[in-house]
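Summary of the model geometry
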Amino acid sequence: MPGLPYPRILVKVSGEALMGAEPFGLHPPTVAGIARDLVAARALGCEVAVVVGGGNILRGARVADEHLDRATADHMGMLATVMNGLALERAIEAAGAPARTLSAIPMPTVCEPYARQPAQRHLRRGRIVVLTGGTGNPYFTTDTGAVLRAAELDCDAVLKATNVDGVYTADPKTDPTATRYDRLTHDEAIARDLKVMDAAAFALAREASLPIIVFSIRETGAIAAAAKGEGRVTIVAP
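Source: prediction; values computed, not measured. (Residues numbered from 1 in each chain as written. Predicted model: local features only at pLDDT ≥ 70, side-chain atom pairs only at ≥ 80, totals over all residues. Heavy atoms only, no water.)

What about unusual backbone geometry?
Here is the rule: Counting from the N terminus, the helices are DSSP H or I runs at least four residues long and the strands are E runs at least two residues long. Relative accessible area decides the class of each residue, using a 1.4 Å probe on protein chains only: under 20% of the type maximum gives buried, over 50% gives exposed, and in between gives partly exposed.
Despite not being glycine, Asp193 shows a phi value in the positive range, around 55°. The topology assignment puts Asp193 in the loop between helix H6 (186–191) and helix H7 (199–208). When its relative accessible area of 48% is taken as the criterion, Asp193 is described as partly exposed. In this model, Ser209 sits at a positive phi of 55°, which is unusual for a non-glycine residue. The residue Ser209 is located in the loop between H7 and strand E10 (212–216) in this model.

Some thoughts on the packing of helix H1 (residues 28–43) against helix H3 (residues 70–94)
Formally: Structural elements are reduced to axes, namely lines fitted to C-alpha atoms, with helices fitted over the stretch in contact, and the angle between N-to-C directions of any two is expressed from 0 to 180 degrees. Angular relationships are summarised with four words: roughly parallel below 35 degrees, roughly antiparallel beyond 145, roughly perpendicular across 65 to 115, and oblique for the angles in between. Here a crossing is called left-handed whenever its near helix is offset anticlockwise from the far helix by less than a right angle, and right-handed whenever the offset is clockwise. A contact between two residues is defined here by any heavy atoms of the two lying within 4.5 Å.
Where H1 meets H3, the closest approach of the two axes is 8 Å, and the angle between their N-to-C directions is 60°. Judged by the angle between their axes, H1 and H3 are oblique. Of the two elements, H1 crosses H3, and the hand of that crossing is right-handed. Facing H1, whose interface residues are Val31, Ala32, Ile34, Ala35, Leu38 and Val39, H3 presents Ala87, Leu88, Ala91 and Ile92.

What to know about the UniProt feature "binding site: UMP" (unreviewed entry) in the protein chain
What counts, and what does not: UniProt positions are given in the numbering used here, feature names are shortened, and annotations may be inferred rather than shown by experiment. For cavity detection a 1 Å grid was placed over the protein atoms alone, and a set of points counts as a cavity when a 1.4 Å probe fits there but cannot get out; an open set counts as a pocket when protein lies on both sides within 12 Å along at least five of seven lines, with lining residues being those that have an atom within 4 Å of a point.
UniProt tags Gly54, Asp74, Thr135, Gly136, Asn137, Pro138, Tyr139, Phe140, Thr141 and Thr142 as "binding site: UMP" (unreviewed entry). Here, the largest pocket is lined by Gly54, Asp74, Thr135, Gly136, Asn137, Tyr139, Phe140, Thr141 and Thr142 out of the annotated residues. The topology assignment puts Gly136 in the loop between strand E5 (128–132) and helix H5 (142–152). Taking the relative accessible area as the measure of exposure, Tyr139 reaches 55% and is therefore exposed.

Remarks on the sheet that holds strand E6 (residues 157–162)
The cut-off we apply is this: Two strands are said to pair when DSSP picks up at least two bridges between them.
Pairing is mixed in the open sheet, where nine strands are placed in the order E4-E3-E5-E2-E1-E6-E10-E11-E9. Two strands in the sheet have a free side with no partner beyond their single neighbour: strand E4 (112–113) and strand E9 (183–184). Of the strand pairs in this sheet, E9 and strand E11 (residues 234–236) are connected by two bridges, and their pairing is parallel. Paired with Arg183 across the bridge in E11 is Ile235. The sheet contacts of H5 involve strand E1 (8–13), strand E2 (47–52), E5 and E6, and relative to E1 the element is tilted by about 170°.

Comments concerning H7
The following threshold applies: What the arc describes is the spread of directions from the helix axis to the C-beta atoms. Residues adjacent in sequence count toward polar contacts only when both atoms are side-chain atoms; beyond that, a polar contact is any pair of N or O atoms within 3.5 Å, and within protein one must be able to donate a hydrogen and the other to accept it.
Those residues of H7 that sit buried are Ala201, Phe202 and Ala205. Each buried residue of H7 lies within a common arc of 95° when the element is viewed along its axis, so the set occupies one face. Close packing links the buried residues of H7 with H5, H6, E10 and E11. If you check the start of H7, you find a side-chain oxygen 3.1 Å away from the backbone N of Ala200, and it comes from Asp198. One or two positions beyond H7, positive phi appears at Ser209, with a value near 55°.

Here's what the structure looks like:
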């Protein structure tokens, strides 16, 4: 499609988004629906990368305590993202598009190790690239990893899929007075301590001049709409 505002996109999907209505793990119909939305974005002509979280299985920062150090807990969380990535890769292929899972933690018998040039080559060949293993380092969230990969892979935007339709002044699920932003700068998001992404992710996006498009994953076709510059979103940009 000519005139796409974001020809190469990176979509950040949380692990929690893959749970659907389940309290833990994967909900196959939900995973299949997200895969179809990613394939729809590809069908527009976008080159699509995906960073997937692991919070539906294990979130390192939550399980770290006096008996389990943070670095070990974070590595466990990175392994959870690989499991999610493999499930999403299979769902994408079942929806009719080629996909490849790459991991920042090398495990070549399971999936390809992440490297920038092979990832770009997959994108150019029309494959949806599923990026797992976070950054490969503890103490970094998958949000920061998503912005890092988007910058490395010369993406035009980060599409942050959430459970609400944009960025609010507070959590709209718990605060009825919360108001929604249509547009913000990275500096404003950091100064206002908005929790849709961590400050490190916003700061890195600012340095790379990467817009972040925040939208609800609950709406069918929302990924493709955001890729076209449509739908109900909040844009965080310079």
